[in-house]
Amino acid sequence: MGSTSTRRIAVFGAGVMGVGITALAVGSGVPVVLVDVDPAKLATARERVRTELRLAHMMGALPRNGPVGELVTTGSVADAASATAVIEAITESAELKIKLQNEIAGIVAAGTVRISNTSSIPIGEIAAQVTRPEHLAGIHFMNPPYLIKTVEVIRGPNTGEQAMAAVAELLAGLNRRPIVVGDGPGFVTSRVLHRMINEAARVVEEGRASAEDVDALMEGCLGHPTGPLKTADLIGIDNLVDSLRVLHERTGDEASRPCDLLLRLVDAGDLGRKSGRGFYEYAGA
């Protein structure tokens with residue numbers, strides 16, 4: 001993709017992950033076109049990216065005095081036509097991702113790497129129904145993307161060497177550490193972590209322990225950095241439920257069926273940090 005000055009990333013989706021990925025990129029000096037068809041999300045996207053950048057600078061996750069890439073926000077897919085790499089970070093729905101990936105393939109240059117940021121949907125499942133599947137790869141950024149330097153890279157059954165090389169170059173420019181894994185529902189991280197979070201929620205639902213005690217045990221006894229239920233709040237409980245449904249539907253694993261407590265939290269709008277309440281409450285969210 002050349003030097004940083006010639007790179008231009010298009011990010012599709014101005015939700016939590018899209019904004020976080022955008023903040024990582026512009027904070028690394030890479031220009032970004034952030035695309036979303038939701039006018040409400042688009043209207044607040046620029047300020048949310050600024051907020052994420054401030055947090056990243058405060059935490060030392062991005063250089064405070066480094067170059068900042070230009071940010072363009074738009075509701076038009078066509079504005080991404082000149083991107084040298086595209087990261088799609090919309091909701092965890094195979095149908096929606098396939099539709100958008102085909103739209104993207106129709107407007108970018110033929111060799112442009114197209115990336116789906118997904119926590120669970122197999123890349124091969126998307127690639128089977130999109131144009132030029134050899135240019136499609138998967139990345140699973142963790143939240144927040146600017147703070148967690150290791151990323152899961154998924155090579156689909158059709159992903160070509162050119163696409164993998166472009167992904168490696170993109171991540172090097174963002175100072176991320178890629179670990180390439182094979183394709184399949186949940187890949188590695190979600191297949192292991194989301195099932196564990198589901199079990200932790202079941203323990204709370206059964207009244208065996210509070211969320212605080214579950215997390216304290218996992219942190220103190222097993223070295224989990226934040227505890228599974230604090231992690232659920234960070235992921236977004238709605239996103240977690242979507243991912244668990246993908247795992248359950250595609251593997252038949254009953255332990256991956258979202259437990260009733262998670263479903264009740266989603267129905268109540270208690271989605272974690274982004275809504276101000278999940279397993280914990282967050283003042284000022």
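Quick note: structure is the one above.
Residues numbered from 1 in each chain as written. Predicted model: local features only at pLDDT ≥ 70, side-chain atom pairs only at ≥ 80, totals over all residues. Heavy atoms only, no water.

> Just give me the short version of helix α10 (residues 260-267), but keep the residues and values in it.
All buried positions along α10 are accounted for by Leu 261, Leu 262 and Leu 265. Take α10 and look down its axis: the buried residues cluster within an arc of 100°, on one side only. Residue Gly 269 follows α10 closely and has a positive phi angle near 80°. (Buried < 20%, exposed > 50% of the residue type's maximum accessible area, 1.4 Å probe, protein only. Helix = DSSP H or I, 4+ residues; strand = E, 2+ residues; numbered from the N terminus. Arc of directions from axis to C-beta.)

> Now, about a nonpolar patch on the surface: what can you tell me, with residues and values included?
A cluster of nonpolar side chains, namely Leu 55, Met 58, Met 59, Leu 147 and Ile 148, defines an oily patch on the protein surface of about 450 Å² accessible area. For Met 58, the position within the fold is in helix α2 (residues 39-58). Using a relative accessible area of 62% as the deciding quantity, one classes Met 58 as exposed. (Patch = residues over 30% accessible without salt bridge, like charges linked within 9 Å, V, L, I, M, F, W, Y side chains within 5 Å. Areas by Shrake-Rupley, 256 points an atom, 1.4 Å probe, with all protein chains shown as cover. Salt bridge = Lys/Arg side-chain N within 4 Å of Asp/Glu carboxyl O.)

> With reference to specific residues and values, describe the pairing of strand β1 (residues 9-12).
Alternating positions in β1 separate into two faces, Ile 9 and Val 11 on one and Ala 10 and Phe 12 on the other, with burial throughout. As judged from the four bridges shared by β1 and strand β2 (residues 32-35), these two strands associate in the parallel manner. Counterpart to Ala 10 in the pairing with β2 is Val 33. For the handedness criterion, the β-α-β arrangement of β1, helix α1 (residues 16-27) and β2 is classed as right-handed. For β1 and strand β4 (residues 85-88), the ladder comprises four bridges, and the chain directions are parallel. Residue Phe 12 lies in a different strand from β4, and its bridge partner there is Glu 88. (Pairing = 2+ DSSP bridges. Right-handed = clockwise from strand over helix to strand, strands pointing away.)

> Describe the nonpolar core, with residues and values.
Ile 9, Ile 139, Phe 141 and Val 167 are the most contacted members of the largest nonpolar core, which has 38 residues in total. Considering each element in turn, this core owes the most residues, seven residues, to α1. In this structure Val 167 touches Val 113, Ile 115, Ala 137, Ile 139 and Val 153, once residues within four positions along its chain are discounted. In terms of nonpolar packing, the next biggest core, distinct from the first, is built from 19 residues, Met 218, Ile 237, Cys 259 and Leu 261 among them. (Core = buried A, V, L, I, M, F, W, Y, C linked by side-chain atoms within 4.5 Å. Contact = heavy atoms within 4.5 Å.)

> Account for unusual backbone geometry, naming residues and giving values.
A cis geometry characterises the amide bond from Asn 143 onward to Pro 144, with omega recorded as 0°. Looking at the secondary structure, you find Pro 144 in the loop between β6 (136-140) and β7 (150-155). Of note, the phi angle at Asn 175 is positive, near 60°, even though the residue is not glycine. One can find Asn 175 in the loop between α5 (161-173) and β8 (177-182). Residue Phe 187 is not a glycine yet carries a positive backbone phi of 55°. Turning to its location among the elements, Phe 187 is positioned in the loop between β8 and α6 (189-205). The exposure class assigned to Phe 187 is buried, which follows from its relative accessible area of 7%.

> Describe the pairing of β7, with residues and values.
Across three bridges, β6 lies against β7 in antiparallel orientation. Bridge pairing in β7 places His 140 opposite Glu 152. With six bridges joining them, β7 and β8 adopt parallel strand pairing. Bridge pairing in β8 places Thr 150 opposite Arg 177.

> Talk me through the packing of α6 against α10; I want residue IDs and the actual numbers.
Their axes nearest at 8 Å, the elements α6 and α10 cross at an angle of 90°. Between α6 and α10, the interaxial angle falls into the category roughly perpendicular. In this structure, α6 contributes Asn 198, Ala 201, Val 204 and Glu 205 to the contact, and α10 contributes Asp 260, Leu 261, Leu 262 and Arg 264. (Axes fitted to C-alpha atoms, helices over the stretch in contact; angles between N-to-C directions. Parallel < 35°, antiparallel > 145°, perpendicular 65-115°, else oblique.)

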